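The chain contents come next:
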Amino acid sequence: GKLDKQKRTAELLAAFSKVRFPKFKLAILGSIPENEIASLMSIIKRDSRVRYLGWKKSEELTAYLCAADMYLQPGSQSATMQNALCCRCAVMLYPYRSHEPYLIGNGFFVKTVEDMVSCFEKIAARPESLKEMGKKSQMIARDILDYRKLAARLYS
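Below or above, wherever it landed, is the structure these notes cover. Predicted model only: the values in this text are computed from it and were never measured. (Residues numbered from 1 in each chain as written. Predicted model: local features only at pLDDT ≥ 70, side-chain atom pairs only at ≥ 80, totals over all residues. Heavy atoms only, no water.)

1. Topic: unusual backbone geometry
Going by this rule: Helix and strand definitions here come from DSSP, where helices need a minimum of 4 consecutive H or I residues and strands a minimum of 2 consecutive E residues; each element is numbered from the N-terminal end. In this scheme, a residue with accessible area under 20% of its type's maximum is buried, one over 50% is exposed, and one in between is partly exposed, where area comes from a 1.4 Å probe on protein chains only.
Residues other than glycine seldom take positive phi values, yet arginine 8 does so here, at roughly 65 degrees. Its location among the elements puts arginine 8 in the segment before helix H1 (9–18). Looking at arginine 8, the relative accessible area reads 14%, which means it is buried. In the Ramachandran plot, arginine 88 falls in the positive-phi region, its phi being about 65 degrees despite a non-glycine side chain. Mapping arginine 88 onto the fold places it in the loop between helix H4 (80–86) and strand E4 (90–93).

2. Some details on the sheet that holds strand E3 (residues 70–73)
Heads up, the rule is: Two strands qualify as a pair provided that DSSP identifies no fewer than 2 bridges between them. Every axis in this analysis is a line fitted to C-alpha atoms, fitted for helices over the stretch in contact. Angles between the N-to-C directions lie between 0 and 180 degrees.
Pairing within the open sheet is parallel, and its three strands lie in the order E3-E4-E5. The open sheet has two edge strands with one neighbour each: E3 and strand E5 (107–109). Pairwise comparison of adjacent strand axes, ignoring direction, gives a mean angle of 10 degrees for this sheet. Where E4 lies against E5, three bridges are found, and the strand directions are parallel. Residue pairing across strands places valine 91 opposite glycine 107, the latter belonging to E5.

3. With respect to the packing of H1 against helix H2 (residues 34–45)
The relative placement of two packed helices is expressed as an angle between their axes plus a distance between the axes. Here is the rule: Roughly parallel means an angle under 35 degrees; roughly antiparallel means over 145; roughly perpendicular covers 65 to 115; every other angle is labelled oblique. The handedness criterion is simple: a crossing whose near helix is rotated anticlockwise from the far helix by less than a right angle is left-handed, and one whose near helix is rotated clockwise is right-handed. Any two residues having at least one pair of non-hydrogen atoms within 4.5 Å are treated as being in contact. Following the grouping adopted for this structure description, the nonpolar residues are Ala, Val, Leu, Ile, Met, Phe, Trp, Tyr, Cys and Pro, the charged ones are Asp, Glu, Lys and Arg, and the polar ones are all others, Gly among them.
It is the contact of H1 with H2, at a shortest axis distance of 10 Å, that shows an interaxial angle of 15 degrees. Relative to H2, the element H1 lies roughly parallel. Here the hand of the crossing between H1 and H2 comes out left-handed. Contacts between H1 and H2 involve Thr9, Ala10 and Leu13 from the first element and Leu40, Ile43 and Ile44 from the second. Its residues placed into classes, the contact of H1 with H2 shows five nonpolar, one polar and no charged.

Quick look at the structure:
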């Protein structure tokens, strides 16, 4: 989607840059508003682990999610988060009440840059935890996002 200020991309980049784990890679997908391009691209260019990939169509986005270990959404909400769960991504989410059913042992709630740094540090200390969280995301997706189960709840 649009990477406006509410998405908190600048804060995410600041947190990411503080944890210099060489195996980390950050792909940023979406469109940057004209008034944000200069500042965000300046930050992105400072860290060789970060790639800005621009806007992607739905099919392309799904392919990236399926290749990712973690989906990072520290700001405003997006339906892409549900797709990320279906693609077995661990998640980093802002703690909206509506996100609570989607985060049960499969990621981290983050409010501040310090929370994001802490999340990255925990993953750097135990990278294998991402696979475990990804499996939990898939279980959550099967339980609450499967259309057959949603339909069954509506008709029972």
